[in-house]
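# A look at the structure
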Amino acid sequence: MHTVAVLSLKGGVGKTTVVLGLASAALRRGVRTLVVDLDPQCNATATLEPAETDASLSDVLEDPKRSVLEAAVAPSAWGEGLDVLVGSEEVEGHNDPDPGLRRLSRLGKVLTKINEVAADGDLPYQLVLLDCPPSLGQLTRSALVAADRALLVTEPTMFAVSGVQRAFEAVQAERERHNPDLQPLGVVVNRVRPRSHEHQFRINELREIFGPLVMPVALPDRLAVQQAQGACMPIHQWGTPGAREVALGFNLLLARVLRAGRRRRVDPMDDYAHDEMFHDDDSHDEETE
């Protein structure tokens, strides 16, 4: 089971969009996946439309026994092989700004039990995606303690670049303190307009800061993303030219995630020389339905 924390310390950069896009790509590829919604806004849970549950992540963190965990996991409406450990607003009560190691370790202990709650005959989860809140409290830090890799999300704007720097520092801090196996998977740049000089300037700035950790797959800014989320549908099923373009980006990103899962002990920067930047053209800068 490969566990990836998806985070940013600036809100509104599309962190949940990346989680949903990866989940859509995994569903398409037949990779059994669990999305854990740690964000009190619960946008991932709302979009994935899981079946009704008798418990939520908040209950699991309060009492992490198997029966509670079973009651908090439900299949997504998107299709077989994609489940949700459902979020709730109450999980904010577990977002202590200065938690001790016992609280930080609780999510990891929950995830070690997660395959035990799969239905009889189901395959184990191959991928777990942790959708973190845009803050550095107990929820995000516990995700970093539980994860194998951390995927940082940013937009090509000044304030978002600053946010991803702080997120990277948080990854390094948890690696030194509590999780020596944690590795940065990379920085994915979201909502890119290749013809924007400002966006290209910020992408170059990110490359100067993070080098090859900046993903060669950049996700283009397309209206289809908001349309698909509004309809609670996977981006791979939306069907417009813009949706197909974004879906291709998520396919490439998922391939990177899965490759990292097979190479946990290898330097995460080794893969980057083999990919090309994901480009688009002027014809899609403005998309209609």
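Residues numbered from 1 in each chain as written. Predicted model: local features only at pLDDT ≥ 70, side-chain atom pairs only at ≥ 80, totals over all residues. Heavy atoms only, no water.

## Here we look at the overall build of the chain
On a plain count of helices and strands, the chain comes out with 10 helices and 7 strands. Looking at the 289 residues of the chain, the share that counts as buried comes to 56%. Of all intrachain contacts in the chain linking residues separated by at least 6 positions in sequence, the fraction that spans at least 24 positions is 80%. For the chain, the exposed surface amounts to about 12,700 Å²; the carbon and sulfur share of it is 48%. (Helix = DSSP H or I, 4+ residues; strand = E, 2+ residues; numbered from the N terminus. Buried < 20%, exposed > 50% of the residue type's maximum accessible area, 1.4 Å probe, protein only. Contact = heavy atoms within 4.5 Å. Areas by Shrake-Rupley, 256 points an atom, 1.4 Å probe, with all protein chains shown as cover.)

## Thoughts on the side chain of His-236
Note that His-236 resides in the loop between α9 (223-230) and α10 (241-262). Polar side-chain contacts of His-236 include one of 2.6 Å to the side chain of Ser-24. Side-chain polar atoms of His-236 contact the side chain of Asn-251, separated by 2.7 Å. (Polar contact = N/O pair within 3.5 Å; in protein donor to acceptor, adjacent residues only side chain to side chain.)

## Re a negative patch on the surface
Taken together, the side chains of Asp-59, Glu-62, Glu-89 and Glu-90 present a region of like negative charge at the surface. By the secondary structure assignment, Glu-89 is in the loop between β4 (82-85) and α5 (101-112). Assessed through its relative accessible area of 63%, Glu-89 is described here as exposed. (Patch = residues over 30% accessible without salt bridge, like charges linked within 9 Å, V, L, I, M, F, W, Y side chains within 5 Å. Salt bridge = Lys/Arg side-chain N within 4 Å of Asp/Glu carboxyl O. Lys, Arg positive; Asp, Glu negative; His and termini not counted. Charge placed at Lys NZ, Arg CZ, Asp CG, Glu CD.)

## Points about the packing of aromatic side chains
Scanning the entire structure with this criterion turns up 1 aromatic pair. Note on Phe-168 and Phe-210: the rings are 5.3 Å apart at their centroids and 70° apart in plane angle, and the pair reads as edge-to-face. Of this pair, Phe-168 sits in helix α7 (residues 158-177) while Phe-210 sits in helix α8 (residues 197-210), placing them 42 residues apart in sequence. (Phe/Tyr/Trp six-rings, centres within 6.5 Å; stacked < 30°, edge-to-face > 60°.)

## Focus on empty space enclosed by the protein
Counting across every chain of the model gives 3 cavities of 30 Å³ or more. Estimates place the volume of the largest cavity at around 80 Å³. If you trace the largest cavity, you find it lined by Thr-17, Leu-20, Gly-21, Trp-78, Val-225, Ala-228, Gln-229, Met-233, Pro-234, Ile-235, Val-246 and Phe-250. Of all elements in the fold, only α1 (15-29), α9 and α10 reach the threshold of two or more residues within the lining of the largest cavity. (1 Å grid on protein atoms, 1.4 Å probe; cavity = no way out; pocket = protein on both sides within 12 Å on 5 of 7 lines; lining within 4 Å. Points joined across faces, edges and corners; volume = space filled by probe spheres on them.)

## Description of the packing of α5 against helix α6 (residues 138-146)
Here α5 crosses α6 at 50°, and the two axes come no closer than 8 Å. Considered as vectors, α5 and α6 are oriented oblique to each other. The interaxial crossing formed by α5 with α6 has right-handed handedness. Contact residues: Arg-103, Leu-104, Leu-107, Gly-108 and Leu-111 in α5; Gln-138, Arg-141, Ser-142, Ala-143, Val-145 and Ala-146 in α6. Classifying every residue of the contact of α5 with α6 by side-chain character gives 6 nonpolar, 3 polar and 2 charged. (Axes fitted to C-alpha atoms, helices over the stretch in contact; angles between N-to-C directions. Parallel < 35°, antiparallel > 145°, perpendicular 65-115°, else oblique. Left-handed = near helix turned anticlockwise from the far one by under 90°. Nonpolar A, V, L, I, M, F, W, Y, C, P; charged D, E, K, R; others polar.)

## A word on the nonpolar core
By size, the foremost hydrophobic cluster in this structure holds 47 residues, and its most contacted members are Val-36, Leu-38, Leu-85, Leu-107 and Leu-130. The greatest single-element share of this core, amounting to 5 residues, is contributed by α7. When neighbours within four sequence positions are excluded, Leu-130 is seen to be in contact with Thr-3, Val-4, Ala-5, Val-6, Val-36, Leu-38, Leu-107, Leu-111, Ala-143 and Ala-147. The next biggest cluster of nonpolar side chains, apart from the first, holds 42 residues, and it includes Val-19, Ala-25, Val-31 and Ala-228. (Core = buried A, V, L, I, M, F, W, Y, C linked by side-chain atoms within 4.5 Å.)

## As for the pattern of salt bridges
A complete count under the given rule lists 12 salt bridges for this structure. Between Arg-66 and Glu-70 there is a salt bridge whose closest N-O contact spans 2.9 Å. Here the residue Arg-66 and the residue Glu-70 both occupy positions in helix α4 (residues 66-72), the gap between them amounting to 4 residues, near one helical turn. By relative accessible area, which is 41% here, Arg-66 ends up partly exposed. Here Asp-96 and Arg-103 are joined by a salt bridge, their closest N and O atoms 2.8 Å apart. Taking relative accessible area as the criterion, Asp-96 reaches 23% and is therefore assigned partly exposed.

From the geometry alone we can't say anything about function, so treat these as descriptive.
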